[in-house]
Amino acid sequence: MTELLQQVRVIDPVSGTDQIADVLIADGHIQAVAAQIANISADTQVRNCQGLILGTGLVDLYSHSGEPGFEERETLSSLLQAATAGGFTRIGILPDTSPAIDHPALVAQLQKQSSASPLLNIWGAITLDVAGKQMTELADLAAAGVVGFTDSHPLDNLGLVRRVLEYVQPLNKPVAFWPCDRQLTSNGVMREGANALRFGLSPVPASAETTAIASLLELVAATGNQQVHIMRVSTARSVELIAAAKAAGLPITASTTWMHLLLDTTAIQSYDTSLHLDPPLGNPSDVKALRAGVRTGVIDAIAIDHAAYTYEEKVQAFAEAPTGAIGFELALPLLWQNLVETGEFTALELWQALSANPAKCLGQKLNTVTPHQKAELTLFDPAQTWKVSRKNLHTLSSNTPWFGKELQGRVLQTWC
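Residues numbered from 1 in each chain as written. Predicted model: local features only at pLDDT ≥ 70, side-chain atom pairs only at ≥ 80, totals over all residues. Heavy atoms only, no water.

Looking at an unreviewed UniProt entry, one finds the protein chain named Dihydroorotase and attributed to Anabaenopsis circularis NIES-21.

Now the structure itself:
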């Protein structure tokens, strides 16, 4: 099939360009990009794309798969469909499945199940059964094709963290940590501050995250590991620590999640359990710092951290419900409307944090939107309105605070 996208806005964070152009796509490749393309074959499908956005495919660093083990929440098939519908051409699957992705056989099984697009980046577990005790056979997992290593859970044994940092260096794979001191978190469910007191929910101090980040940064400096990624950054002080570490030359990358950029603790007054996240939503000052961190590059990437749950699991008291929310089909529309349309971010800045930069964190590259490159693209209509409903979602779950609401902006097509 040959398609001509006429007068589409092309956003290419790889080359740093934002322009209006005609784009000709045939046989999964970009054939031409020009101000106007006139010479086309008779069988070319011509689309008027004025007002539409064509960008490099979106890349998610990490999300949760219900399969294997919790297929009632999410199957691998529904996960991939939701990701494609949201404009993602590459997604990272965390190893906290059941069984955990701690053996090459499970890596091979998932690779076989996901032979279709989008590209599945599988994270291998750092420890057996992601229990934080005994290291997996990291070299075997690397040979099996994992994109990198993480437990997706905080590791409280700093001796183990140091050994991991030393062991993974020869494997040339990123290793991702979620810094969090569970002793400081205790039974908290909401970021410490005035709103936590007002809503009567147990607080989580910012120091639960920042002390763990400080410890991790010291170990990175001591071991010289150059492929460490810090996951789920959620506080203003964390941004300061990471900025200082980068300024000192520490070779780290970091990410926050899309919901931590959009919402703060004031949203929790609804007690919607889809807002029960871990780490919890920040205070307004945290959100401001996170947004600035993404814009300046201190925070390299925006992750989706998609986590599907059944209706029954989420219909509980706020503190008792499992943490997490879905996001693949919602992230781009909501980020665009709240960050780009308001003028806080440029289109290139947002696309960089959702596309090229996450790929870099994984040691991967995206193609530029230029002739003779494979088409790994997302076509987005920032003006189209739609309702978040079971009918319009591809994921099996509906645990999102935007369920039942009308959004503006929707992905029209994804080329993988």
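There is more to say, and it comes next.
Topic: the overall build of the protein chain
Within the protein chain, the secondary structure is distributed over 13 helices and 17 strands. With the C-alpha coordinates aligned to their principal axes, the bounding extent of the protein chain is approximately 65 × 50 × 45 Å. Taken over 416 residues, the protein chain has a buried fraction of 58%. Sequence separation of 24 or more characterises 73% of the internal contacts of the protein chain that already satisfy a separation of 6 or more. In the protein chain, 27 side chains carry a positive charge and 40 a negative one; their mean positions are 3 Å apart. (Helix = DSSP H or I, 4+ residues; strand = E, 2+ residues; numbered from the N terminus. Buried < 20%, exposed > 50% of the residue type's maximum accessible area, 1.4 Å probe, protein only. Contact = heavy atoms within 4.5 Å. Lys, Arg positive; Asp, Glu negative; His and termini not counted. Charge placed at Lys NZ, Arg CZ, Asp CG, Glu CD.)

Examining the packing of aromatic side chains
Taken as a whole and assessed by the stated rule, the structure comprises 5 aromatic pairs. When the centroid spacing of 6.2 Å and the interplanar angle of 65° are considered together, the rings of Phe 199 and Tyr 271 count as edge-to-face. Taken together, the residues Phe 199 in helix α6 (residues 194-199) and Tyr 271 in the loop between α9 (258-262) and α10 (284-296) connect sequence positions 72 residues apart. Measuring from centroid to centroid gives 5.7 Å for Trp 336 and Phe 380, while their planes differ by 65°, and the two rings are edge-to-face. With Trp 336 in helix α12 (residues 331-340) and Phe 380 in strand β16 (residues 377-387), the pair connects residues that are 44 residues apart, well separated along the chain. Across this residue pair, the class does not change: Trp 336 and Phe 380 are buried. Members of the aromatic cluster, joined through ring pairs, are Trp 336, Trp 351 and Phe 380. A cation sits over an aromatic face here: Arg 232 above Trp 178, 4.6 Å from the ring centre. Just above the ring of Trp 386 sits the side chain of Arg 410; from NZ or CZ to the centre is 4.2 Å. (Phe/Tyr/Trp six-rings, centres within 6.5 Å; stacked < 30°, edge-to-face > 60°. Lys NZ or Arg CZ within 6 Å of the ring centre and 35° of its normal.)

Description of the pairing of strand β3 (residues 29-34)
Inspection of the sheet shows strand β2 (residues 17-26) paired to β3 by 5 bridges, in the antiparallel sense. When the sheet's bridge partners are listed, Ala 26 is paired in β3 with His 29. Once β2 ends, the chain turns through 2 residues before running back antiparallel as β3, passing Asp 27 with a positive phi of about 55°. (Pairing = 2+ DSSP bridges.)

Some words on the nonpolar core
Counting residues in hydrophobic clusters, the biggest one holds 95 residues, and the most contacted among them are Phe 177, Trp 258, Leu 335 and Leu 350. Ranked by the residues each element gives to this core, the list is headed by α12, at 7 residues. Both domains that meet at this core, namely domain 1 (2-53 + 371-384 + 405-415) and domain 2 (57-362), each give it at least three residues. If we ignore the near neighbours within four places in the chain, the residues touching Trp 258 are Ile 302, Ala 303, Ile 304, Ile 326, Gly 327, Leu 330, Ala 331, Leu 334, Leu 335 and Trp 402. Membership of the second largest hydrophobic core comes to 16 residues, among which are Val 59, Trp 123, Val 147 and Met 231. (Core = buried A, V, L, I, M, F, W, Y, C linked by side-chain atoms within 4.5 Å. Domains from an automatic or database assignment.)

A closer look at the UniProt feature "domain: Amidohydrolase-related" (unreviewed entry) in the protein chain
Here, UniProt's "domain: Amidohydrolase-related" (unreviewed entry) annotation points to residues 240-416. Its end C-alpha atoms 37 Å apart, residues 240-416 is made of 31% helix and 17% strand. (UniProt positions renumbered as here; feature names shortened; annotations may be inferred.)

Things to note about the side chain of Gln 364
Assignment of secondary structure puts Gln 364 in the loop between α13 (347-361) and β16. With relative accessibility at 17%, the residue Gln 364 sits in the buried group. Side-chain polar atoms of Gln 364 contact the side chain of Arg 90, separated by 3.0 Å. (Polar contact = N/O pair within 3.5 Å; in protein donor to acceptor, adjacent residues only side chain to side chain.)

With respect to the pattern of salt bridges
Applying the stated rule across the entire model yields 11 salt bridges. Between Glu 313 and Arg 73 there is a salt bridge; the shortest N-O distance is 2.6 Å. Here Glu 313 is found in helix α11 (residues 311-314), whereas its partner Arg 73 is found in the loop between β6 (58-63) and α1 (76-85), with 240 residues between them in sequence. Comparing Glu 313 with Arg 73 shows no difference in burial state: the two are buried. Ionic pairing is found between Asp 305 and Arg 232, a salt bridge with its closest N-O pair at 2.7 Å. In this pair, Asp 305 is assigned in the loop between β15 (301-303) and α11 and Arg 232 in the loop between β13 (228-230) and α8 (236-247), connecting sequence segments 73 residues apart. (Salt bridge = Lys/Arg side-chain N within 4 Å of Asp/Glu carboxyl O.)

Overview of the domain arrangement of the protein chain
Under the domain assignment used here, the protein chain contains domain 1 (2-53 + 371-384 + 405-415) and domain 2 (57-362). With 21 residues of domain 1 at the interface, the matching set in domain 2 holds 22 residues. Taking the shortest distance from any N to any O, the salt bridge between Glu 376 and Arg 90 comes out at 2.7 Å. Counting across the interface, domain 1 meets domain 2 through 6 residue pairs in polar contact (both at pLDDT 80 or more). Going through the elements one at a time, β1 (2-12), β2, β16 and β17 (406-415) are the ones with two or more residues in the side of domain 1 that touches domain 2.

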